[in-house]
Amino acid sequence: MGLVVLPPATVAHADSYESIGLFWGGSYSLVPDADGGTFRLESRTKAGQCLTTDDNDFLADASCDGASRWNLQPNTAGDKWLVRLTGGDKCMIGSGFAVTDCTTSEIDAFNFTSSTLPKELMLDRKAAIGLGENRVTVCNHGGYVERAVIDYKVKNDPDSDSETSGRRVIPSFPAGQCRTETLPAGKVYGNVELRRFTFWYMGNYAFYDGDEGSYGGSSNDQLTANWAFAGDHIDGTYNSTGTTCISDSDFAPAGSNQAATQKKDGATGCTGVNPQQLTSSILADVFGTVFPMLLNLIFR
């Protein structure tokens, strides 16, 4: 079955848009709502019928009056799109027969490119702000003391395309603990810099940067990873693992997450190069090197 984009009254040239595969007893068209970036999945064979979820998360044709609304969100890699049930944490599975948690492996990612996806299918600023505050959590599962720096830009004004810049510094904290930073609501992109303590420093170390004995900024302050992120709403956990000299990290999205994130730089070793300020140049090239698709779509 081909899923094609049909416009509301103000949008033209629907036939030029790329189709994607969903398999549910016929063809459905993406019909954008007048604003907000949400859409209906309207049957092309049954007049007045739209694809709608039931109480058991299965999909069926029902009257388009009060039908389910959908929106697109980037997958974790930032190169494809998930079809998300608006207002919840459910996404379309690959067969198109049902929805399930957006964080599971059952969901499918569909190919849309900046040349084939109309802006009317992207959440607007007001809708993105309505998703609530952005949240970044950092958890230390490694054998070291950790710290982190979050640099971000967010569109937190529904009436303006301006961006607000910010930085959050998470001071040193021990293994087995987590720290969470809450960022303003809105379309957001930025970088999470994870760092770790590798050796003794001044005969001791402290859990808060700036304290006597803190490792922050010392030669023992090594990079675990730089993660770039971008999307309508970020909510997830960056987990640091490994040892002081061989560390790693991953990202675990929460159900409400609607952002992509990729590891931009990996760990330096105990005797490796110790870059002190990587984040200063990261925001300028996040999209050019990591998320070019999102540059053209979410933030255009």
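Computed from a predicted model, the values in this text were never measured in an experiment.

K.L.:
If you had to explain the sheet that holds strand β13 (residues 164–173) to someone new, which residues and values would you point to?
P.N.:
A sheet is described by the order of its strands in space; here five strands give the open sequence β13-β12-β15-β16-β19, paired in antiparallel fashion. Edge positions in the sheet fall to β13 and β19 (258–265), since each of these pairs with one other strand and no more. Going across the sheet, the axis of each strand differs from the next one's by a mean of 15°, ignoring polarity. Relative to β19, strand β16 (residues 221–233) is paired through seven bridges, and the arrangement is antiparallel. Looking across to β19, one finds that Gly-231 is bridged to Ala-259.

K.L.:
Which residues make up the confidence of the model for the chain, and what values go with them?
P.N.:
The predicted model of the chain has a mean per-residue pLDDT of 79, with 73% of residues at 70 or higher. In this model residues 1–26 is a low-confidence stretch, pLDDT under 50, and it forms 66 contacts with partners more than four residues away in sequence or in other chains.

K.L.:
Can you explain the pairing of strand β3 (residues 28–32)? Please cite residues and give values.
P.N.:
The buried count for β3 comes to five of five residues, which makes it a mostly enclosed element. By the alternation rule, side chains of β3 split into Tyr-28, Leu-30 and Pro-32 and Ser-29 and Val-31, which are all buried. Relative to strand β4 (residues 39–43), β3 is paired through five bridges, and the arrangement is antiparallel. Paired with Val-31 across the strands is Arg-40, a residue of β4. Counted between consecutive antiparallel strands, the loop separating β3 from β4 contains six residues, among which Gly-36 sits at a positive phi close to 95°.

K.L.:
Could you give an account of the packing of aromatic side chains, naming the residues involved and the relevant values?
P.N.:
This model, assessed by the stated rule, comprises two aromatic pairs. Centre to centre, the rings of Tyr-238 and Phe-251 are 4.7 Å apart; their planes meet at 50°, and the pair counts as tilted. Linking Tyr-238 in strand β17 (residues 235–242) with Phe-251 in strand β18 (residues 247–253), this pair joins segments that are 13 residues apart in sequence. By the burial criterion, Tyr-238 is buried, and Phe-251 matches it.

Reading the values: rules and limits
- Residues numbered from 1 in each chain as written.
- Predicted model: local features only at pLDDT ≥ 70, side-chain atom pairs only at ≥ 80, totals over all residues.
- Heavy atoms only, no water.
- Pairing = 2+ DSSP bridges.
- Helix = DSSP H or I, 4+ residues; strand = E, 2+ residues; numbered from the N terminus.
- Axes fitted to C-alpha atoms, helices over the stretch in contact; angles between N-to-C directions.
- pLDDT = per-residue confidence, 0-100.
- Contact = heavy atoms within 4.5 Å.
- Buried < 20%, exposed > 50% of the residue type's maximum accessible area, 1.4 Å probe, protein only.
- Phe/Tyr/Trp six-rings, centres within 6.5 Å; stacked < 30°, edge-to-face > 60°.

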